[in-house]
Amino acid sequence: MEDSVADLIEGRNPVWEALHADRPIRKIQIARTARLAGTLARIVSHAKSRGIPVQFVDPRHLAAVSATGAHQGVIALISPHRTVELEALLKQATARGAPFLVLLDGIEDPRNLGAIVRTAEAAGAHGVVIPRRRAAGLSPAVAKASAGAIEHVPVAMVTNMAQAVKACRAAGLLTVAADPRALRCYDEVALRPPLALVIGGERSGVRRLVRERCDLTVRIPMRGRISSLNASVAAAILLFEVVRQHRHGHGGPRERSGQPCEERP
C-alpha cells in the first residue's frame, strides 16, 4: 500500500524534531545525493541509534511523494499524528501550572496553522485546539510550517468550538477572542493564564456563537489602510502580549505611558 500524505514528515528540522520527541517512525528516506552534514547527519545517527531504517533513495522519488515540495532531501514515514481529547489537554495543562491554550476557530490554510503552532510553542502555550471539520488538519504542510513544533505542542480536535470555549471557562480559564469590532485593545486587558486565546479563521474571524461564549473580546489597532492581519500574525501578537505581561507582572488598563487605543487617524 502506498503511504498517504498524512504519514509523512518532510524537511530536516521537522524530521529531527520528530526523532527528538520520540515520535514513532517507520523509516526515513534521504536523497542519495544529499551531503550528510549538520542536521542531516544527526538525523542519520539518531535514527540508527533507535533502530529506525534509513534508506538512501533517488531524489526524484522524494519529489514524487512530497506533499509540500520542500522536503530538503529527507522524509520520515510515520504513524498519523496523534491528537488528544480536550478534557485530557485541560488536565495536563492544569498539572503544569496555570493553563494556557490557543483555540483556533476555522484556520483553513495549513501554513497559518503550522505557523501558529510554532508561535504557540515558542510562547509557552500548553496546547492548541482545532475543529474536526471545515478547517486545516494535521497535514505534512502543517508539520513543515511548524518547523517541528507540532511534535511538542499537544493538539486537541473538537467537534464544537463553542462547547470547547464553554469547557475552558468551566475549567477556570479566561477566554479571550480576537475581534476587530471589540471595544478594548489587546494591551488594555489582563492576558495572563489561566487563559484561552481564541483566534478566528482567515475568512470571517471568530464565529458569532463562539465569540458570544467568550469572556472578553480584544482587537489589534490598525492605523494603516489594511483592516486586518493574517491570522498567524494576529495570533503571534496576542501570544507574545501574554509573554510580555507575564514577564513584567502587569496587564489590564495601561500601566505605562502612551496613547490610548485608536484606529488610523
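Residues numbered from 1 in each chain as written. Predicted model: local features only at pLDDT ≥ 70, side-chain atom pairs only at ≥ 80, totals over all residues. Heavy atoms only, no water.

A. How the structure looks around the pattern of salt bridges. For the structure shown, the criterion picks out ten salt bridges. In this structure, Arg 111 engages Asp 109 in a salt bridge whose closest nitrogen and oxygen atoms are separated by 3.2 Å. You can call Arg 111 exposed: its relative accessible area is 59%. One salt bridge connects Glu 241 with Arg 244, and the closest N-O pair in it is separated by 2.7 Å. Taken together, the residues span about one helical turn, with Glu 241 and Arg 244 both in helix α9 (residues 231-248) at a distance of three residues. Connected through shared salt-bridge partners, Asp 179, Arg 181 and Arg 211 make up one network. (Salt bridge = Lys/Arg side-chain N within 4 Å of Asp/Glu carboxyl O. Buried < 20%, exposed > 50% of the residue type's maximum accessible area, 1.4 Å probe, protein only. Helix = DSSP H or I, 4+ residues; strand = E, 2+ residues; numbered from the N terminus.)

B. Expanded view of the nonpolar core. Grouped together as the largest cluster of nonpolar side chains are 37 residues, with contacts concentrated most on Val 102, Leu 104, Leu 113, Val 128, Ile 130, Leu 197 and Leu 239. Among residues more than four places away in sequence, those in contact with Leu 197 are Phe 100, Leu 101, Val 102, Leu 103, Val 176, Leu 191, Leu 238, Leu 239 and Val 242. Grouped together as the second largest cluster of nonpolar side chains are 21 residues, Ala 93, Leu 101, Met 161 and Val 206 included. (Core = buried A, V, L, I, M, F, W, Y, C linked by side-chain atoms within 4.5 Å. Contact = heavy atoms within 4.5 Å.)

C. Local environment of α9. Its 18 residues give α9 an end-to-end C-alpha distance of 26 Å, which sits within 8% of 26 Å, the value for a rise of 1.5 Å per residue. Looking only at α9, the buried set comprises Ala 231, Ser 232, Ala 234, Ala 235, Leu 238, Leu 239, Glu 241, Val 242 and Gln 245. For α9, the secondary structure elements touched by its buried residues are β5 (100-105), α5 (110-122), β8 (174-178), β9 (195-200) and β10 (216-218). Following α9 by one or two positions, Gly 249 has its phi on the positive side, about 70°. (Expected span 1.5 Å × (residues − 1).)

D. Representation of the sheet that holds strand β4 (residues 74-78) in the model. Here four strands make up an open sheet; going across it, the order is β1-β4-β2-β3 and the pairing mixed. Across the chains shown, the open sheet's two edge strands, defined by having one partner strand only, are β1 (8-10) and β3 (54-57). On average, each strand axis in the sheet is tilted by 25° relative to the strand beside it, whichever way the strands run. Contacts between helix α1 (residues 12-20) and the sheet are confined to β1, β2 (25-31) and β4, with β1 contributing the most and set at about 125° to the helix. (Pairing = 2+ DSSP bridges. Axes fitted to C-alpha atoms, helices over the stretch in contact; angles between N-to-C directions.)

E. Fine view of the packing of α1 against helix α2 (residues 38-49). Two elements in contact, α1 and α2, have axes separated by 10 Å at closest approach and are oriented at 30°. Classified by the angle their axes make, α1 and α2 are roughly parallel. In this structure, α1 meets α2 at a crossing whose hand is left-handed. On the side of α1, the interface is formed by Arg 12, Asn 13, Val 15, Trp 16 and Leu 19, while α2 contributes Thr 39, Leu 40, Arg 42, Ile 43, His 46 and Ala 47. Broken down by class, the residue content of the contact of α1 with α2 amounts to six nonpolar, three polar and two charged. (Parallel < 35°, antiparallel > 145°, perpendicular 65-115°, else oblique. Left-handed = near helix turned anticlockwise from the far one by under 90°. Nonpolar A, V, L, I, M, F, W, Y, C, P; charged D, E, K, R; others polar.)

F. Examining the environment of Pro 14 more closely. Within the secondary structure, Pro 14 sits in helix α1. The buried category is assigned to Pro 14, whose relative accessible area is 4%. Spatially, the C-alpha atoms of Pro 14 and Ile 78 are 12 Å apart, while their sequence positions differ by 64 residues. Contacts of Pro 14, omitting those with residues within four sequence positions, involve Ile 9, Ala 143, Lys 144, Ala 147 and Gly 148.

G. A look at the packing of aromatic side chains. By the definition in use, this model includes zero aromatic pairs. The aromatic ring of Trp 16 is capped on one face by Arg 42, whose charged end is 5.8 Å from the ring centroid. (Phe/Tyr/Trp six-rings, centres within 6.5 Å; stacked < 30°, edge-to-face > 60°. Lys NZ or Arg CZ within 6 Å of the ring centre and 35° of its normal.)

On their own, these measurements won't tell you what the molecule is for.
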